Each structure stands twice: as C-alpha cells, then as structure tokens.
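# Structural overview
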Amino acid sequence: MTSRICILGIDPGSRVTGFGVIVQDGRRWLHVDSGVIRTKGSDFHARLRTIHAAAADLFIQHEPDELAIESVFVSANASSALKLGAARSAVLCASFAFGTEIHEYAPRAIKQAIAGNGAADKAAVQQMVRLQLTGAPKNLPHDVSDALAIALCHAHSRRVRQVASEVGA
C-alpha cells in the first residue's frame, strides 16, 4: 500500500508565484489546490514578505511532505535572475519551519519530464499537466500549470528513484 504523499510545486516569481498541490492516490496523482501568489507595489522587500507569508500559509494549510521548486536560470537579464532567486528564497525560508523535503528542478528537466521535450512551449506543458493530473482544472493560467508541472516532475522523479531502489540499482 502506498502511503499518502503530498507535493507542493512552486513556480517562483517576484510578481506572480504559481503554486500547485498534488497528492498520490495509488498510482495516480490528484489535483488538490492551485493558484497564484500575486504581489503589488514597487517595494521589492514587501513583495518578498508577501511571498513568504503566503507560502507559509500553504505549508500550514496543506502540510506537504515535499516541496518541488524550479531552480534559478540565467538568461539575458541577470537582474531578473536575482529577483527570481530572491522569490525562491522567500518560499524556501517558509519551508524551513515545517521540515519539508526540498527538491529543485531545472526548467528544461521539468519540460522533458512532463512533455517529453526540454524545449516544449507553455501550451504543451499546460496540455500535458491536464492529461497527467486527475482533477486538474480545464483552464490553467501558465503560472499555475508550470507549478503543477514542477510537482508532477517531482512525482515522476520520486517514482523512478523508488523503482530503482526496489531493483537494487
């Protein structure tokens, strides 16, 4: 019998942070909750406080066993990467009080695990999340589908690790 596993997936952003909560039901993964944490104003530190407080509320409400979060990537804009890192840190710091296991995934790895292509576009990821997650809402904003994809990526990864340990790999 599989024990209940609850995963909180986070797609961090300094203005909009997506979240998705999934639980295991046998071999299926069920949608429990999802949405966004929206921040307002120009005070960056106030936005980080909002993300931290909302993330702490998610940990209290759902008591996730594991946190899956997107790792920082640097594209053309280093300033954006630093802000993304700070938003991630606000969520990570909230998790520390709850002793939640933390797992990080690169954007390409998430897309590869969910859509079979590390360069998949947001629409493809969104479609595959709806197909793979029982009870997923039909209309998922991209920040939400990305967070659910992160949670599902971790679910797939933990299943591979479980099977590997069972066969002694």
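A few points on the structure. Think of each chain on its own: its residues are numbered from 1, step by step along the sequence as written. Reporting of local features is limited, given that this is a predicted model, to residues whose pLDDT is at least 70; pairs of side-chain atoms are given and counted only at 80 or more, and all residues count toward the totals for whole chains, interfaces and linings. Hydrogens and water are ignored here; the side-chain numbers use all heavy atoms of the structure.

## Some details on the pattern of salt bridges
Note the following rule: By definition, a salt bridge exists where a carboxyl oxygen of Asp or Glu is found within 4 Å of a side-chain nitrogen of Lys or Arg. Only protein chains enter the area calculation, which uses a 1.4 Å probe; residues under 20% of their type maximum are buried, those over 50% are exposed, and those in between are partly exposed.
A full pass over the atoms with the stated rule returns five salt bridges. Arg28 serves as the salt-bridge partner of Asp25, at 2.6 Å between the closest nitrogen and oxygen. Look at Asp25 and you get partly exposed, because its relative accessible area is 34%.

## Looking at the packing of aromatic side chains
We count it as follows: Only rings of Phe, Tyr and Trp enter the pairing, Trp through its six-membered ring, and a pair is recorded when the two centres are within 6.5 Å. The plane angle decides the type: under 30 degrees is stacked, over 60 is edge-to-face, the rest tilted. Strands are runs of DSSP state E lasting at least 2 residues, helices are runs of H or I lasting at least 4, and numbering of each runs from the N terminus.
For the structure shown, the criterion picks out one aromatic pair. With a centroid separation of 5.5 Å and 10° between ring planes, the pair formed by Phe59 and Phe98 is classed as stacked. A residue pair is termed long-range when its members are at least 10 positions apart, and Phe59 in helix H1 (residues 44–62) and Phe98 in the loop between helix H2 (78–96) and strand E5 (101–105) qualify at 39 residues.

## Let's talk about the state of the cysteines
Note the following rule: Count a disulfide wherever a pair of cysteine sulfur atoms falls within 2.5 Å.
As enumerated under the stated definition, the model contains zero disulfides in all. The thiol sulfur of Cys153 is not disulfide-bonded, and the nearest other cysteine sulfur, from Cys6, lies at 17 Å.

## Here we look at the sheet that holds E5
Test applied: Between any two strands, at least two bridges found by DSSP are needed for them to pair. Every angle, taken between N-to-C directions, lies between 0 and 180 degrees, and every axis is a line fitted to C-alpha atoms, over only the stretch in contact when it is a helix.
Taken together, the five strands give an open sheet; going across it, the order is E3-E2-E1-E4-E5, and neighbouring strands pair in mixed fashion. Here the strands that pair on one side only, and so sit at the sheet edges, are strand E3 (28–38) and E5. Each strand axis lies, on average, 20° off the axis of its neighbour in the sheet, ignoring direction. Here strand E1 (residues 6–11) runs beside strand E2 (residues 16–25); their pairing, made up of six bridges, is antiparallel.

## A look at the packing of helix H3 (residues 107–115) against helix H4 (residues 122–132)
Quick note on the threshold: Note that the term roughly parallel is reserved for angles under 35 degrees, roughly antiparallel for angles over 145, roughly perpendicular for angles of 65 to 115, and oblique for everything else. Less than a right angle of anticlockwise turn of the near helix away from the far helix marks a crossing as left-handed, whereas a clockwise turn marks it as right-handed. By the convention used here, residues are in contact when the closest approach between their heavy atoms is within 4.5 Å. In the scheme used here, Gly and all other residues not listed as nonpolar or charged are polar, with Ala, Val, Leu, Ile, Met, Phe, Trp, Tyr, Cys and Pro taken as nonpolar and Asp, Glu, Lys and Arg as charged.
Two numbers describe how H3 lies on H4: the axes approach to 9 Å, and their chain directions differ by 50°. With respect to their mutual orientation, H3 and H4 come out oblique. Seen along the crossing, H3 lies across H4 with a hand that is left-handed. Residue-level contacts link Lys111, Ile114 and Ala115 of H3 to Val125, Met128, Val129 and Gln132 of H4. Among the residues forming the contact of H3 with H4, the class breakdown is five nonpolar, one polar and one charged.

## So, the nonpolar core
Filter applied, for reference: As used here, the term nonpolar core means buried Ala, Val, Leu, Ile, Met, Phe, Trp, Tyr and Cys residues forming a set that is joined through side-chain atoms within 4.5 Å.
Counting residues in hydrophobic clusters, the biggest one holds 22 residues, and the most contacted among them are Ile7, Ile22, Trp29, Ile114, Val129 and Leu133. Only H3, H4 and helix H5 (142–166) provide two or more residues apiece to this core. Per element, the largest residue contribution to this core is eight residues, and it comes from H5. If we ignore the near neighbours within four places in the chain, the residues touching Ile22 are Ile5, Cys6, Ile7, Trp29, Leu30, Val32, Leu133, Leu148, Ala151, Leu152 and Ala155. One finds Ile10, Leu48, Ile69 and Ala87 within the second-largest nonpolar core, a separate group that totals 20 residues.

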